[in-house]
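# Fold and geometry: a report
So you can see what is in the structure, the chains are spelled out below.
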Amino acid sequence: MFKDITLGQYYPADSVLHKLDPRVKLFGTLIYIICLFSFKGPIGIAIILGFLAAVIILSKVPFKFMVKGLRGIVFLVIFAGLINLFMTNGDIIWEWKKLHITRQGLDNCILMTTRMVLLIVGSSVMTLTTTPNSLTDGLEKSMKPLNKIKIPVHDISMMMSIALRFIPILTEETEKIQKAQMARGAEFDGKNIIKKVKAMIPLLVPLFVSAFRRANDLALAMEARCYNGGEGRTKMHPLRYVKSDVVAYVILWIFLALVIAARILWVKVLA
Amino acid sequence: MPIIFDHVTYTYAPETAYKKVALNDVSFEVKEGEFLAVVGHTGSGKSTMVQHMNGLEKATEGHVYFHGQDIYDKDFDMKELRTRVGMVFQYPEHQLFETTVLADVCFGPLNQGLEKKEATARAYEALLMTGMKEEQFLLSPFELSGGQKRRVAIAGVLAMKPEVIILDEPTAGLDPKGRDDILDMLKEMHEKTGNTVVLVSHSMEDVATYADRMIVMNKGQVFCQGTPKEVFAHADELSKIGLGAPSVSLLMDDLKASGMNVETGAITVEEAKDAILKMLNKNV
């Protein structure tokens, strides 16, 4: 029941991508998304697909894990596809009573669904190769300039890492509580909605009690080690760029340039 | 034979990067009315194994039989199995949720479909059996001490009147007095009702004192089984997998090695005392 949570779906492997600085991966994902929404024409999509394929092979993560993330949005993709297919005005190519498909609609539909699928697969490459902790580390460091406009970057990232850290703990705890209550004859798979909600009480009460207890313990442990915010705090593993990160940045810029060039070219061809 | 494990293998999180074989081809029997102890290191698979006994975990391969019926059969009533094979988990915090102790213990019997009155009567009986006092029945379970919470958790399962009761380290985190109280209470209940008791523990002393028979688990497999006396006779092999015989047996071995003419093989303090007295009397 709780095993399908995809957050923190890190897949441990020994690959170039796993070793990259999280900031590079964050930036790379941003570039990738920009490309996805700005490309035009067959050459553009070919470059993006090639890039994605290369990254997936480099990551050494089995392909089925990338596709796993798609399961959650299948409905959304189909829905968006259908809306685009039937609701766009333009040159009608098929008609049946009130329904009609236009050429522009068909184009939009294909474009939209490809974009969404590629978006999910691409961003799951990042989450699969980066531990949640180094991801927040990367975010903290990249967002540091925001400190100047009084945004508490460190506090936010600390909260994020604690929240992320607690997800597997609480998931495990929920499973244990569920088992303990099932051993006492509780049923969680009833059909009646009211019964279902009522059945959650024996699950939620112990879960909340333990979450508060854990939060309390953690706060105490942090205070015992003199935690007082990010001011002057150093890291055990500070983020430092190495050669491969620089190379990755260069590749990313080239990728972006190629996609933009392909777009300009395509617009010219059409004109 | 209430419960039979037939070549049970359990793989945790198959088809992911975190795949792990928790049980590997485990076969054994739980005998009617016995006090069985399951010992093993952390991560040896003992908790996972006992969770197969009432169908909380499903074996990836192999079968579990309850009174001759395969519990993985389609028409097998899992809910009834869970009321007949009761299970108390390590942390009572995982199951206490009601506003009063009594209401919490009633949860199991009510799930069995009993009337409120009957359930309350059973809860009363179970709480008294576990040594709780009547004036505590209407307290919030969260106000109780660790040992008392443990008792209420055990009562919550006893109130369902199971034939087999499984306890997963019921004494973890308790002080020595609390530990002895809980185990004495269990033994007394076992003798009075004739129920089958399965106790998961890593205290060799407890096992030696209370169990009729024991199963030693190591790396997801049954390492050996037999009466505590038989098993502890092989202290060397046990120490290889990081377990030891009870301290008194080791003490007796040391006495023997230092030249005293004592009988070794004692596994409880009582037996050791007798053996030492015997030796002293002979010498006098």
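Parameters at a glance
- Residues numbered from 1 in each chain as written.
- Chains lettered and ligands numbered in written order.
- Predicted model: local features only at pLDDT ≥ 70, side-chain atom pairs only at ≥ 80, totals over all residues.
- Heavy atoms only, no water.
- Helix = DSSP H or I, 4+ residues; strand = E, 2+ residues; numbered from the N terminus.
- Rg over C-alpha atoms; globule rule 2.2 N^0.38 Å.
- Buried < 20%, exposed > 50% of the residue type's maximum accessible area, 1.4 Å probe, protein only.
- Contact = heavy atoms within 4.5 Å.
- Areas by Shrake-Rupley, 256 points an atom, 1.4 Å probe, with all protein chains shown as cover.
- Lys, Arg positive; Asp, Glu negative; His and termini not counted.
- Charge placed at Lys NZ, Arg CZ, Asp CG, Glu CD.
- Domains from an automatic or database assignment.
- Buried area = accessible area lost by both parts, 1.4 Å probe.
- Pairing = 2+ DSSP bridges.
- Axes fitted to C-alpha atoms, helices over the stretch in contact; angles between N-to-C directions.
- 1 Å grid on protein atoms, 1.4 Å probe; cavity = no way out; pocket = protein on both sides within 12 Å on 5 of 7 lines; lining within 4 Å.
- Points joined across faces, edges and corners; volume = space filled by probe spheres on them.
- Parallel < 35°, antiparallel > 145°, perpendicular 65-115°, else oblique.
- Nonpolar A, V, L, I, M, F, W, Y, C, P; charged D, E, K, R; others polar.
- Salt bridge = Lys/Arg side-chain N within 4 Å of Asp/Glu carboxyl O.
- Polar contact = N/O pair within 3.5 Å; in protein donor to acceptor, adjacent residues only side chain to side chain.
- Patch = residues over 30% accessible without salt bridge, like charges linked within 9 Å, V, L, I, M, F, W, Y side chains within 5 Å.

## Focus on the overall build of chain A
A count of helices and strands for chain A gives ten helices and two strands. Seen in sequence order, chain A has helices and strands lined up from the N terminus as α-α-α-α-α-β-β-α-α-α-α-α. The C-alpha radius of gyration computed for chain A amounts to 24 Å, which surpasses the reference 18 Å derived for 271 residues by more than 25%, pointing to a less compact arrangement than a globule. Projected onto its principal axes, the C-alpha positions of chain A cover 70 × 55 × 40 Å. Scored against the burial criterion, the 271 residues of chain A give a buried share of 36%. Considering only residue pairs separated by 6 or more positions, chain A has 73% of its internal contacts joining residues 24 or more positions apart. Summing over all exposed atoms, chain A offers an accessible surface of approximately 17,100 Å²; the carbon and sulfur share of this is 70%. Each charge class in chain A was averaged separately, 34 positive and 18 negative side chains, and the resulting centres sit 3 Å apart.

## A short note on the domain arrangement of chain B
Residue and element names in this part refer to chain B. In terms of domain boundaries, chain B breaks down into domain 1 (1-76 + 169-174 + 192-238) and domain 2 (246-284). Each of domain 1 and domain 2 was reduced to a C-alpha centroid, and the two centroids are 32 Å apart. Listed by partner, the interface residues are seven residues for domain 1 and six residues for domain 2. For the pair domain 1 and domain 2, the two sides together bury roughly 570 Å², of which 68% comes from carbon and sulfur. If you sort the residues of domain 1 by the area they bury against domain 2, Glu-205, Ala-208 and Lys-229 come out on top, with a joint share of 62%.

## Regarding the sheet that holds strand S1 (residues 3-12) of chain B
Residue and element names in this part refer to chain B. Read from one edge of the open sheet, four strands run S2-S1-S4-S5, paired in antiparallel fashion. Of all strands in the sheet, those with a lone pairing partner are strand S2 (20-30) and strand S5 (69-70), marking the two edges. Two strands pair when backbone bridges link them, and strand S4 (residues 61-66) and S5 are joined in this way by two bridges, in the antiparallel orientation. Its bridge partner being in S5, Phe-66 is matched across the sheet by Gln-69. On the sheet, helix H1 (residues 46-53) packs against S1, S2 and S4 and is oriented at approximately 55 degrees with respect to S2.

## Regarding the layout of surface pockets
Residue and element names in this part refer to chain A. Space inside the second largest pocket adds up to approximately 1,200 Å³. If you trace the second largest pocket, you find 34 residues lining it, with Asp-137, His-154, Met-158, Arg-233 and Lys-235 closest to the centre. Mapped onto the lining of the second largest pocket, the elements with two or more residues apiece are helix H7 (132-142), helix H8 (153-182) and helix H9 (193-224). At nine residues, the largest contribution of residues to the lining of the second largest pocket is made by H8.

## Considerations on the pairing of strand S2 (residues 99-102) of chain A
If a strand is regular, its side chains alternate between the two faces of the sheet. All names here are of chain A. With four bridges joining them, strand S1 (residues 92-96) and S2 adopt antiparallel strand pairing. Residue pairing for S2: Trp-94 is matched across the bridge by Ile-101. Counted along the chain from S1 to the antiparallel partner S2, the turn is two residues long, and its residue Lys-97 has a positive phi close to 50 degrees.

## Considering the packing of H7(A) against H8(A)
Residues and elements named next belong to chain A. Contact geometry for H7 and H8: axes closest at 9 Å, N-to-C directions at 170 degrees. Relative to H8, the element H7 lies roughly antiparallel. Counting all contacts with H7, which are made through Pro-132, Asn-133, Thr-136, Leu-139 and Glu-140, the residues of H8 involved are Val-153, His-154, Ser-157, Met-160, Ser-161 and Leu-164. Residues belonging to the contact of H7 with H8 are distributed by class as follows: five nonpolar, five polar and one charged.

## Some remarks on unusual backbone geometry
All names here are of chain B. Positive phi values are uncommon outside glycine, yet Asp-25 reaches one of about 55 degrees. With respect to the secondary-structure elements, Asp-25 resides in strand S2. We note that Lys-161 has phi near 50 degrees; this positive angle belongs to a residue other than glycine. Residue placement: Lys-161 occurs in the loop between helix H5 (146-158) and strand S7 (164-168).

## Re the interface of chain A and chain B
The partner chain B presents 26 residues to the 24 residues of chain A that form the contact. Together, the buried faces of chain A and chain B total about 2,200 Å²; carbon and sulfur atoms form 62% of this surface. The three residues of chain A that bury the most area against chain B are A:Lys179, A:Ala183 and A:Arg184, which together make up 34% of that side's buried surface. Where chain A packs against chain B, one counts three salt bridges. Counting across the interface, chain A meets chain B through seven residue pairs in polar contact (both at pLDDT 80 or more). Listed by contribution, the elements that provide at least two residues to the side of chain A that touches chain B are helix H4 (63-68), H8 and H9 of chain A. Looking at the side of chain A that touches chain B, the element that brings in the most residues is H8(A), giving seven residues. When grouped by side-chain class, the residues that make up the side of chain A that touches chain B number 14 nonpolar, two polar and eight charged.

## Some remarks on the domain arrangement of chain A
Each domain of chain A was delimited in the assignment, giving domain 1 (2-145 + 242-270) and domain 2 (163-224). One C-alpha centre belongs to domain 1 of chain A, the other to domain 2 of chain A, and the line joining them spans 35 Å.

## Structural notes on a nonpolar patch on the surface
Residue and element names in this part refer to chain A. Nonpolar side chains collect at one region of the surface, where Met-143, Leu-146, Ile-149, Ile-151, Ile-156, Met-159 and Met-160 lie side by side and expose about 600 Å² of accessible area between them. Checked against the element boundaries, Met-143 lands in the loop between H7 and H8. A relative accessible area of 36% places Met-143 in the partly exposed class.

## Focus on the side chain of A:Lys25
Along the polypeptide, A:Lys25 turns up in helix H2 (residues 22-38). With sequence-adjacent residues up to four places away left out, A:Lys25 is seen in contact with A:Leu17, A:His18, A:Leu20, A:Met126, A:Thr129 and A:Thr130.

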